[in-house]
Amino acid sequence: MNSSVAILTSAINKNWKSYLAEAGGVTLFMIVSCLTAVVIHHPDSPVRQHLGDSKLWRRTVQALLVGVVLIVVNFNPWGKKSGSHINPAVTLSFRYLGKISAIDAFWYIVFQCGAAVIVGWIMFTILKPWYDHQEVNFNLSAPRPENGGWPVALLAEFIISSMLMIITLITMHTEKIRKQNSWFNIVLIMLFIVFEAPFSGMSTNPARSLGAAAAAATFRDYWIYVLAPVSAMLLMTWLFKRYWKPKLEEADQGKRDKPMGLFETTANPPDFPIENPNA
């Protein structure tokens, strides 16, 4: 028991900046998610009245604002060091890939979920007068009954989570575009907000969904937003390890021709936390 505590404490002493970066990234993401849910979608909001009734247009504006925050999260010095996972499903996938230790993965997830719950409650308290409107719905990740209910939401979350992880893995292991990896992810999330949100509320992130669910004390559909992202991202990581990465390793060893064109690479991304974020 004492040795386990010592290991956990040692990890915090060594990598606390990266853990705080994960918490800070989730905090910023939660704040903009909660604020935009009210400011852009509540009928009494002057911004909503200016934007009009087009849900597609409102989601586009929301996606742009979220994108700006994700740029800050991904490209600040601390975020670059932690890798800006800000998502337990991403952290678990990188643990399975062997890019982060079990102890660091544990603390990443604790700080991600802890920040989401705390900030979710704070934003719920501040925005409570507007939060229960059906257009805001407590900023919950929730199925849309008019668009197929939970089966469609589960499938939609699985698909977008799969896309996010496989693009992440491929770009991180592709030398010519590795440094643009974060931009691919940011654009994907923005597109998901615009086009996928009507089906599942667009989460891909168990921490973000937990923050909203805990604040509203509503966990009925939360299982969807854990099961789909975690299973999808782990599956994509398994497929990557099974079918993609061995070919890159064999090419690096001269056992087969290197992939040509865009995928001419055997790039090996750094472990998390990243010792040299600018590499």
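What you see is a predicted model; the values in this text were computed from it and never measured.

A. Structural context of the side chain of Gln62. Mapped onto the fold, Gln62 is located in helix α3 (residues 55-75). Using a relative accessible area of 12% as the deciding quantity, one classes Gln62 as buried. Only 2.9 Å separates the side chain of Gln62 from the side chain of His41, close enough to count as a polar contact. Excluding residues within four positions of it along the chain, Gln62 makes contact with Ser33, Thr36, Ala37, Ile40, His41 and Ile193.

B. Structural context of the packing of helix α1 (residues 2-41) against helix α10 (residues 206-216). Running from N to C, α1 and α10 cross one another at 55°; their axes reach a closest spacing of 11 Å. Judged on the interaxial angle alone, α10 and α1 are oblique. You can see that α1 and α10 cross each other, and the crossing is right-handed. Here α1 contributes Phe29, Met30 and Ser33 to the contact with α10, which in turn contributes Arg208, Gly211 and Ala212. Per-class residue counts for the contact of α1 with α10 are three nonpolar, two polar and one charged.

C. View of the nonpolar core. Core analysis: the largest hydrophobic core is formed by 57 residues, its most contacted members being Leu70, Phe94, Tyr131, Met202 and Phe272. If you list the elements that add at least two residues to this core, you get α1, α3, α5 (88-97), α6 (102-131), α7 (149-172), α8 (181-195), α10 and α11 (224-252). At 11 residues, the largest contribution of residues to this core is made by α6. In contact with Phe272, not counting residues within four places along its chain, are Ser82, Gly83, His85, Phe94, Lys99, Ile100, Asp104, Tyr108 and Met172.

D. Spotlight on the pattern of salt bridges. Overall, the coordinates contain four salt bridges when judged by the stated rule. A salt bridge links Asp53 to Arg48; its shortest N-O distance comes to 3.4 Å. A residue is classified by how much of its surface remains accessible, and Asp53, at 66% relative accessible area, is exposed. With relative accessibility at 11%, the residue Arg48 sits in the buried group. Across the pair Glu135 and Arg58 runs a salt bridge, and its minimum N-O distance is 3.5 Å.

E. Quick look at a nonpolar patch on the surface. Together, Leu56, Val187, Leu191 and Phe195 give the surface a local cluster of nonpolar side chains, amounting to about 370 Å² of exposed area. The greatest single-element share of the nonpolar patch, amounting to three residues, is contributed by α8. Among the structural elements, Val187 can be located in helix α8. Look at Val187 and you get partly exposed, because its relative accessible area is 43%.

F. Representation of the packing of α7 against α8. Packing of α7 against α8 leaves a shortest axis separation of 9 Å and a crossing angle of 165°. Taken together, the axes of α7 and α8 lie roughly antiparallel to each other. Like other packed secondary-structure pairs, α7 and α8 cross with a definite hand, here right-handed. Contact residues: α7 offers Ile160, Met163, Leu164, Ile167, Thr168, Thr171 and Met172, while α8 offers Asn181, Phe184, Asn185, Leu188, Ile189 and Phe192. In terms of residue class, the contact of α7 with α8 is made up of nine nonpolar, four polar and no charged.

G. Region of interest: unusual backbone geometry. A cis amide bond, omega -10°, links Phe272 with the succeeding residue Pro273. In this structure, Pro273 sits in the segment after α11.

H. Main features of the state of the cysteines. All told, the structure shown has zero disulfides when counted by the stated rule. Distance from the sulfur of Cys34, which forms no disulfide, to the nearest cysteine sulfur (Cys113) is 15 Å.

I. Looking closely at the packing of aromatic side chains. Under the criterion given, the structure shown has 13 aromatic pairs. Here Trp16 and Trp78 contribute two aromatic rings whose centre-to-centre distance is 5.9 Å and whose plane-to-plane angle is 90°, an arrangement assigned as edge-to-face. On the criterion of sequence distance, the pair formed by Trp16 in helix α1 and Trp78 in helix α4 (residues 77-82) is long-range, its members being 62 residues apart. Considering the side-chain rings of Phe219 and Tyr222, the 6.2 Å spacing of their centres and the 80° angle between planes classify their relative orientation as edge-to-face.

J. Region of the structure containing the side chain of Ser162. Checked against the element boundaries, Ser162 lands in helix α7. For Ser162, a relative accessible area of 9% gives the class buried. With residues near it in sequence (within four places) discarded, Ser162 still touches Ala232 and Met236.

Thresholds, definitions, all that
Residues numbered from 1 in each chain as written. Predicted model: local features only at pLDDT ≥ 70, side-chain atom pairs only at ≥ 80, totals over all residues. Heavy atoms only, no water. Helix = DSSP H or I, 4+ residues; strand = E, 2+ residues; numbered from the N terminus. Buried < 20%, exposed > 50% of the residue type's maximum accessible area, 1.4 Å probe, protein only. Polar contact = N/O pair within 3.5 Å; in protein donor to acceptor, adjacent residues only side chain to side chain. Contact = heavy atoms within 4.5 Å. Axes fitted to C-alpha atoms, helices over the stretch in contact; angles between N-to-C directions. Parallel < 35°, antiparallel > 145°, perpendicular 65-115°, else oblique. Left-handed = near helix turned anticlockwise from the far one by under 90°. Nonpolar A, V, L, I, M, F, W, Y, C, P; charged D, E, K, R; others polar. Core = buried A, V, L, I, M, F, W, Y, C linked by side-chain atoms within 4.5 Å. Salt bridge = Lys/Arg side-chain N within 4 Å of Asp/Glu carboxyl O. Patch = residues over 30% accessible without salt bridge, like charges linked within 9 Å, V, L, I, M, F, W, Y side chains within 5 Å. Areas by Shrake-Rupley, 256 points an atom, 1.4 Å probe, with all protein chains shown as cover. Disulfide = S-S within 2.5 Å. Phe/Tyr/Trp six-rings, centres within 6.5 Å; stacked < 30°, edge-to-face > 60°.

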